[in-house]
Amino acid sequence: MPLPKKPKTIRRVYLDHAAATPVDPKIKKVMLPFFDTTFGNPSALYSAGVQAKKAVDAARKDCANILHAQPDTIVFTSGGTESTNLAITGVATAHKKNHIITTDVEHAAVLEPIKKLEQAGYKVTYLPVDKAGRVRVADLKKALTKKTVLVSVMYANNEIGTIQPIADIGRALLRWRKQHNTAFPYFHSDACQAGLSLRLDVEKLHVDLLSINGSKLYGPKGVGLLYKRRGVTLDPQILGGGQEMGYRSGTENVAGIVGLATAMQLAHKEQKKYIKHVSSVRNYFWRALQKHVQHISLVGPDIAGDDRLINNVNVTFHGVDAEALIIYLDAYGIMCASGAACATGHDTGSHVLRACGVDNDDTASSIRFTLGKHTTKKDIDYVVKYLPGIVQELQKHSN
Ligand SMILES: *Cc1c(COP(=O)(O)O)cnc(C)c1O
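Residues numbered from 1 in each chain as written. Predicted model: local features only at pLDDT ≥ 70, side-chain atom pairs only at ≥ 80, totals over all residues. Heavy atoms only, no water.

**Focus on the packing of aromatic side chains**
Phase 1: According to the stated counting rule, one finds 5 aromatic pairs in the structure shown.
Phase 2: Where Phe-184 meets Tyr-186, the ring centres are 4.7 Å apart and the plane angle is 35°; that geometry is what we call tilted.
Phase 3: Given a relative accessible area of 14%, Phe-184 falls into the buried group.
Phase 4: Using a relative accessible area of 5% as the deciding quantity, one classes Tyr-186 as buried.
Phase 5: Residues Tyr-332 and Tyr-386 carry aromatic rings whose centres are separated by 5.3 Å and whose planes lie at 35° to one another, so their mutual orientation is tilted. Taken together, the positions of Tyr-332 in the loop between helix H9 (322-331) and strand E11 (334-335) and Tyr-386 in helix H12 (residues 377-398) put the pair 54 residues apart, joining distant regions of the chain.
Phase 6: By relative accessible area, which is 2% here, Tyr-332 ends up buried.
Phase 7: A connected cluster of aromatic rings, assembled from ring pairs, spans Phe-285, Phe-317 and Phe-369.
Phase 8: Its end group placed over the ring of Tyr-332, Lys-6 keeps NZ or CZ at 5.7 Å from the ring centre.
Phase 9: A cation sits over an aromatic face here: Lys-373 above Tyr-218, 4.2 Å from the ring centre. (Phe/Tyr/Trp six-rings, centres within 6.5 Å; stacked < 30°, edge-to-face > 60°. Buried < 20%, exposed > 50% of the residue type's maximum accessible area, 1.4 Å probe, protein only. Helix = DSSP H or I, 4+ residues; strand = E, 2+ residues; numbered from the N terminus. Lys NZ or Arg CZ within 6 Å of the ring centre and 35° of its normal.)

**A closer look at the site of the ligand**
Phase 1: In the vicinity of the ligand, the contacting residues are Gly-79, Gly-80, Thr-81, His-107, Ala-109, Met-154, Asn-158, Asp-190, Cys-192, Gln-193, Asn-213 and Lys-216.
Phase 2: The contact in question runs from an oxygen atom of the ligand to an N or O atom on the side chain of Gln-193, over 2.7 Å.
Phase 3: Residue Lys-216 places a side-chain N or O atom 2.7 Å away from an oxygen atom belonging to the ligand.
Phase 4: Protein contacts shield 86% of the accessible area of the ligand, which totals 390 Å² for the unbound molecule.
Phase 5: Broken down by class, the residue content of the shell around the ligand amounts to 3 nonpolar, 7 polar and 2 charged. (Near = heavy atom within 4 Å. Polar contact = N/O pair within 3.5 Å; in protein donor to acceptor, adjacent residues only side chain to side chain. Areas by Shrake-Rupley, 256 points an atom, 1.4 Å probe, with all protein chains shown as cover. Nonpolar A, V, L, I, M, F, W, Y, C, P; charged D, E, K, R; others polar.)

**A look at the nonpolar core**
Phase 1: The biggest cluster of nonpolar side chains holds 103 residues, and the ones touching the most others in it are Leu-67, Ile-212, Leu-225, Met-264, Phe-317 and Leu-325.
Phase 2: Per element, the largest residue contribution to this core is 17 residues, and it comes from helix H8 (residues 254-292).
Phase 3: Setting aside residues no more than four positions away along its own chain, Leu-67 makes contact with Ile-74, Leu-200, Asp-201, Val-202, Leu-210, Ile-212, Leu-225, Tyr-227 and Met-264.
Phase 4: Among the nonpolar cores identified, the runner-up in size contains 21 residues, and Ala-87, Val-110, Val-149 and Tyr-247 belong to it. (Core = buried A, V, L, I, M, F, W, Y, C linked by side-chain atoms within 4.5 Å. Contact = heavy atoms within 4.5 Å.)

**Focus: unusual backbone geometry**
Phase 1: Going from Phe-184 to Pro-185, the amide bond is cis rather than trans, its omega being 0°.
Phase 2: Mapped onto the fold, Pro-185 is located in the loop between helix H6 (166-179) and strand E6 (186-190).
Phase 3: If you check the backbone angles, Tyr-218 has positive phi at about 65° while not being a glycine.
Phase 4: Classification of Tyr-218 as buried rests on a relative accessible area of 2%.
Phase 5: In this model, Met-245 sits at a positive phi of 55°, which is unusual for a non-glycine residue.
Phase 6: Of the residues examined, Met-245 reaches a relative accessible area of 41% and is grouped as partly exposed.

**Concerning the sheet that holds strand E5 (residues 148-152)**
Phase 1: One open sheet holds the 7 strands; their spatial order is E2-E8-E7-E6-E5-E3-E4, and the pairing between them is mixed. Whereas interior strands pair on both sides, the edge strands pair on one side only; in this sheet they are strand E2 (74-77) and strand E4 (123-127). Averaged over all pairs of adjacent strands, the angle between strand axes in this sheet comes to 20°, irrespective of strand direction.
Phase 2: By the bridge criterion, 5 bridges tie strand E7 (residues 209-213) to strand E8 (residues 224-228) in an arrangement that is antiparallel. Residue pairing in the sheet places Ile-212 in a bridge with Leu-225 of E8.
Phase 3: Of the strands in this sheet, E2, E7 and E8 touch helix H2 (residues 47-67), which is tilted by about 115° from E2. (Pairing = 2+ DSSP bridges. Axes fitted to C-alpha atoms, helices over the stretch in contact; angles between N-to-C directions.)

**Side note on the sheet that holds strand E12 (residues 366-370)**
Phase 1: The antiparallel open sheet is built from 3 strands, whose spatial order is E9-E10-E12. Strands at the two margins of the open sheet, each flanked by one partner only, are strand E9 (296-299) and E12. Ignoring strand direction, the axes of neighbouring strands in this sheet form an average angle of 30°.
Phase 2: Examined bridge by bridge, E9 and strand E10 (residues 312-317) share 4 bridges and lie antiparallel to one another. Of the residues in E10, the one forming a bridge with Leu-298 is Val-315.
Phase 3: Contacts from H8 reach E9, E10 and E12, with the element oriented near 10° to E10.

**Looking at H8**
Phase 1: In this model H8 runs just 48 Å from its N-terminal to its C-terminal C-alpha over 39 residues, more than 12% under the 57 Å that 1.5 Å per residue would give.
Phase 2: Maximum bend of H8: about 65°, positioned at Glu-270. (Expected span 1.5 Å × (residues − 1). Bend = angle between axes of the 7 residues up to and from the residue.)

Laid out in structure tokens, this is it:
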């Protein structure tokens, strides 16, 4: 059987919202004046600068409110990667303790700075995960020592959507610190995938540091924040004019910061609606896949479980080369990813799938579909019209 015949008009179906979301028009509109009308440097003394500073201050307050924190705990950065680097390297180098605990399934933005510290002599414990990608609090407790300076566990996984028990970990760390009469270890969580469907209340999560970016929240790329609890000390990584309370020098990305704050507010406001809509379309998608495609299996937590992001479907198409499938799907207008978008080009397979015990053969056969607030059942119908035939064709050729 040949590949399915392409339709006359290709429908564009974007299913890679874990890599990037389109900027919401409401957010874009709020950002635009800061490119030209109010372009002043927030450090300047004349009114155009003062206006820009006011906008940054208001954004800081808005972000703090969403996180249930104080404005002076918010450090604006150039995105998720800078936030995680500031948290990890900043904390590790500021204190005389040399042990870090993290997990096998973190994003490269966490694993790479930790690897660099490891090369510089730090001891690192990588917590294993179960088949669903979850760490166990008991494993974390066993790994803690008086030398542990930082624990870094992601809130939700970008590849398979696993939600980690952050509040439970936070509580365990609070108890440990109390028992040992110490402020350490600090607890950092990479929350870059969490903001649309999970709550970001730093008090309820018991985190000391939290990394967030705009580009996964229908906001702009290249902007993020690090929440840093009062009293937590770290070394700045970018030195200069002393902006962001000295934690991150460089002229503020005013439009981006305003966009990030608006994105966080909008995500908060729309959260219920988002969850209801996206989980319904996601369930519809997974049912259709099971019905129409042979030899597939779900990777990660149960599809409708509480520990899976509601927009994530990661599927192994047994016997299919995932990258080939992505390229074929693209020809039909369907956009999705294998593993992490940021790890393409590596041929060792996904470290996340390996950590979950997925067979070597299958790590190269897994595709991540991540839905968004505009994804419709019509989009899914279109995908399910073409995907099974393409998969069948590729499965045939793999034998
Ligand atoms: C996207 C992402 C990052 C990196 O964010 P950037 O804004 O691209 O630097 C870090 N961690 C997770 C979990 C992500 O999904």
